[in-house]
There are 2 protein chains.
Amino acid sequence: MSHINLKEISTRAPKELDKKEIKDKTDKILQELDELQNLLFAEAKHSVLVVIQGMDGSGKDGVIRNVLGNMNPQGVTVKSYKAPTPEELSHDFLWRIHQHAPSKGMIQIFNRSHYEDILITRVHKWCDDDTAKKRMIAINDFEQLLQEHNHTHILKFYLHISPEEQEERLRERMKDEAKMWKYNEKDLEEARLWDIYMQVYEDCFNNCNRPPWTIVPADQNWYKEFIIASQLHELLTGLDMKFPGMKK
Amino acid sequence: MSHINLKEISTRAPKELDKKEIKDKTDKILQELDELQNLLFAEAKHSVLVVIQGMDGSGKDGVIRNVLGNMNPQGVTVKSYKAPTPEELSHDFLWRIHQHAPSKGMIQIFNRSHYEDILITRVHKWCDDDTAKKRMIAINDFEQLLQEHNHTHILKFYLHISPEEQEERLRERMKDEAKMWKYNEKDLEEARLWDIYMQVYEDCFNNCNRPPWTIVPADQNWYKEFIIASQLHELLTGLDMKFPGMKK
């Protein structure tokens, strides 16, 4: 098992890459993704779950809009997980998650996810380490259920930004009317817990790694979008899908 | 691990028992159950899942009506699982089950359950042995999730009748207008698969036994109802529940 240490992973694209070139590549991938998703939907054999996690300001919404929002919305659904409701809290933590697992042929995107139950909850000590460990086991079992029993392919992305980049983005939110609504005074408080967040994220990556996480350098949007589009493209082309014949 | 062999277990009450005496005991238990369920609901800390399985004619509906239907319906819900719909089939087999897991304070009854996915499906070879084994693992993981992460207490009852008793009851259904609607020509076909059913049931009891199954001798309704009411009573009295104070 490879041990992930976030400090050793750059939050920026490799210097030798050309932004323009990568953007062109991404555009081409996005065009193909649209067709691949159509095939996935038509064949209705596999399903895809894309989990997106990252600190505030890491660009989760942007990825969903620019990469995943490019496909036919009939076959792609997004579920954003916020703080659990009283009804959700009266069930096990995976209850609200399982309901939105993708059906065959669908791509389901989770903007935040069941992982919050071992991330923010741990940082704020709403859940102790022993409970967190048990939750990790339950998460692994749950992801295995989806993979083994519904041909669900899971992609897990962590949008990796630097604390400096985050600060800049959060400040921007406060100034820009179109972004201000995303801002919450708590965001800055959360930012102060950066190091603890990194610790619990690492623990999560190292314990819930079937399938493994992709740590996406996310300080630059063009590179982040390229990585995510590429991975989804690679997954879908690897499925050996065929259009089914005429309806019987 | 104790190995369950259904042929060695009687389908009838022990001979020394007095029917009238047992019925009086059951009535007393049912009265107390009503109060215990009220306390469970008020405390909203634990939840209870009652799984009822059994061959056609084993009296699942009767138990639900006479034992479990005695409590306040606000805190007791019944979900009957039939053949899966196309939407349900487009998800993993536990998707439709997890949705109806009990929230804190509730008693949830499953009339048939996720176990059908390793019972009828196996008998008819809709699922091979390898898939069945994987499903058993998934079932154990799922039940562990409910138990560990939502204080859910699971009672699993198999209503054990003899093939002779079944035949008599199925014939009755065909004659009685009030029961005829339950009858389906397929029921008799299924009955011919008795021995195979017993094999897959035994395999299920021996592999999915956390918590263990209760094999309920079910040829006589009065005894079956006594056993199920007693077990639920024992579970609830063991929870050390308290009414919470006034709302804060």
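## A look at the overall build of chain A
When its secondary structure is counted, chain A shows eleven helices and five strands. Relative to the compact-globule value of 18 Å for 248 residues, chain A shows a C-alpha radius of gyration of 18 Å, a close match. Seen along its three principal axes, the alpha-carbon backbone of chain A occupies a region of about 60 × 45 × 40 Å. Counting every position in chain A, which comprises 248 residues, the buried fraction comes to 53%.

## Some thoughts on the interface of chain A and chain B
Taken together, the 22 residues of chain A in the interface contact 22 residues of chain B. Of the roughly 1900 Å² buried where chain A meets chain B, counting both sides, 57% is carbon and sulfur surface. For the chain A face of the interface with chain B, the top three residues by lost area are Asp92(A), His98(A) and His149(A), together amounting to 29%. There are zero salt bridges connecting chain A and chain B. Linking chain A with chain B are 17 residue pairs in polar contact (both at pLDDT 80 or more), by the criterion used here. Elements with a contribution of two residues or more to the side of chain A that touches chain B: helix H4 (95-98) and helix H6 (129-150) of chain A. With nine residues, H6(A) is the largest single contributor of residues to the side of chain A that touches chain B. For the side of chain A that touches chain B, a count of residues per class yields nine nonpolar, seven polar and six charged.

## Quick notes on the packing of H6(A) against helix H6 (residues 129-149) of chain B
At a minimum axis separation of 10 Å, H6(A) and H6(B) run at an interaxial angle of 145 degrees. Seen from above, H6(A) lies across H6(B) with left-handed handedness. Note on element contacts: H6(B) touches H6(A) through Lys134(B), Arg135(B), Ala138(B), Asp141(B), Leu145(B), Glu148(B) and His149(B), opposite Lys134(A), Arg135(A), Ala138(A), Asp141(A), Leu145(A), Glu148(A) and His149(A).

## Some details on the relation of the copies chain A and chain B
Superposing chain A onto chain B takes a rotation of 180 degrees combined with a translation of 0.0 Å along the rotation axis, leaving an RMSD of 0.0 Å. Taken together, the turn and the small shift mark the pair as related by a two-fold rotation axis.

## Description of the confidence of the model for chain A
This prediction gives chain A a mean pLDDT of 94; 99% of its residues lie at or above 70. We note a pTM of 0.92 for the whole complex and an ipTM of 0.89 for its interfaces.

## Looking at the side chain of Ser47(A)
All names here are of chain A. Along the chain, Ser-47 falls in strand S1 (residues 47-54). On the basis of relative accessibility, which here comes to 0%, the residue Ser-47 falls in the buried class. One polar contact links Ser-47 to Thr-152, side chain to side chain, over a distance of 2.8 Å. Non-local contacts of Ser-47, meaning those with residues more than four positions away in its chain, are made with Pro-102, Ser-103, Lys-104, Gly-105, Met-106, Asn-150, His-151, Thr-152 and His-153.

## A look at the pattern of salt bridges
Residue and element names in this part refer to chain B. In this structure the tally under the stated criterion is 26 salt bridges over all chains. Between Arg-112 and Asp-56 there is a salt bridge, with its nearest N and O atoms 3.1 Å apart. Taken together, the residues span a long stretch of sequence, with Arg-112 in the loop between strand S3 (107-111) and helix H5 (120-123) and Asp-56 in the loop between strand S1 (47-54) and helix H2 (60-66) at a distance of 56 residues. On the basis of relative accessibility, which here comes to 19%, the residue Asp-56 falls in the buried class.

## Some remarks on the pairing of S1(B)
Residue and element names in this part refer to chain B. For S1, a buried count of eight out of eight residues is recorded, marking the element as mostly surrounded by other parts of the structure. Burial of S1 is two-sided: the residues Ser-47, Leu-49, Val-51 and Gln-53 facing one way and the residues Val-48, Val-50, Ile-52 and Gly-54 facing the other way are all buried. Two strands pair when backbone bridges link them, and S1 and strand S4 (residues 152-160) are joined in this way by eight bridges, in the parallel orientation. Residue pairing for S4: Ser-47 is matched across the bridge by Thr-152. Sheet topology note: the S1/S3 ladder contains five bridges and is parallel. By the bridge assignment for S3, Val-51 is matched with Phe-110.

## A closer look at the environment of Val50(A)
Residues and elements named next belong to chain A. Examined against the element boundaries, Val-50 turns out to sit in strand S1. Its relative accessible area of 1% is what places Val-50 among the buried residues. Residues Val-50 and Asp-92 lie 42 residues apart in sequence; the distance between their C-alpha atoms is 22 Å. In this structure, Val-50 is in contact with Leu-68, Ile-107, Gln-108, Ile-109, Phe-110, Leu-155 and Phe-157, ignoring residues within four places of it in sequence.

About the thresholds
- Every chain begins its residue count from 1, and numbering advances along the sequence as written.
- Note on labels: chains are lettered from A, ligands numbered from 1, in written order.
- In view of the model being predicted, local features appear only for residues whose pLDDT reaches at least 70, and side-chain atom pairs are presented and counted only at 80 or more, with totals across whole chains, interfaces and linings using the full set of residues.
- Side-chain figures throughout are based on the complete set of non-hydrogen atoms in the structure, without hydrogens or water.
- Only DSSP runs of H or I covering at least 4 residues are called helices, and only runs of E covering at least 2 are called strands; the numbering of each starts at the N terminus.
- With the radius of gyration taken over C-alpha atoms, the globule rule is written as 2.2 Å times the number of residues to the power 0.38.
- Each residue is placed in one exposure class: buried if its accessible area under a 1.4 Å probe, protein chains only, is under 20% of its type's maximum, exposed if it is over 50%, and partly exposed if it falls in between.
- Contacts are residue-level and defined by heavy atoms, with any inter-residue pair within 4.5 Å sufficient.
- Buried area: the sum, over both parts, of the accessible surface (1.4 Å probe) that disappears when the two are put together.
- Salt bridges are counted wherever a side-chain nitrogen of Lys or Arg sits within 4 Å of a carboxyl oxygen of Asp or Glu.
- Identification of polar contacts relies on pairs of N or O atoms within 3.5 Å, with a donor-acceptor requirement for protein atoms, meaning one able to donate a hydrogen and the other able to accept it, and with residues adjacent in sequence counted only if both atoms are side-chain atoms.
- Each residue is assigned to one class: nonpolar for Ala, Val, Leu, Ile, Met, Phe, Trp, Tyr, Cys and Pro, charged for Asp, Glu, Lys and Arg, and polar for all the others, Gly among them.
- Angular values range over 0 to 180 degrees, each being the angle between N-to-C directions of two axes fitted as lines to C-alpha atoms, with helices fitted over their stretch in contact.
- A crossing counts as left-handed when the near helix is turned anticlockwise from the far one by less than a right angle, and as right-handed when that turn is clockwise.
- The copies were overlaid with a least-squares fit restricted to C-alpha atoms from residues scoring a pLDDT of at least 70 in each copy.
- Per-residue confidence from the predictor is reported as pLDDT, which spans 0 to 100.
- For two strands to be treated as a pair, DSSP must find no fewer than two bridges joining them.

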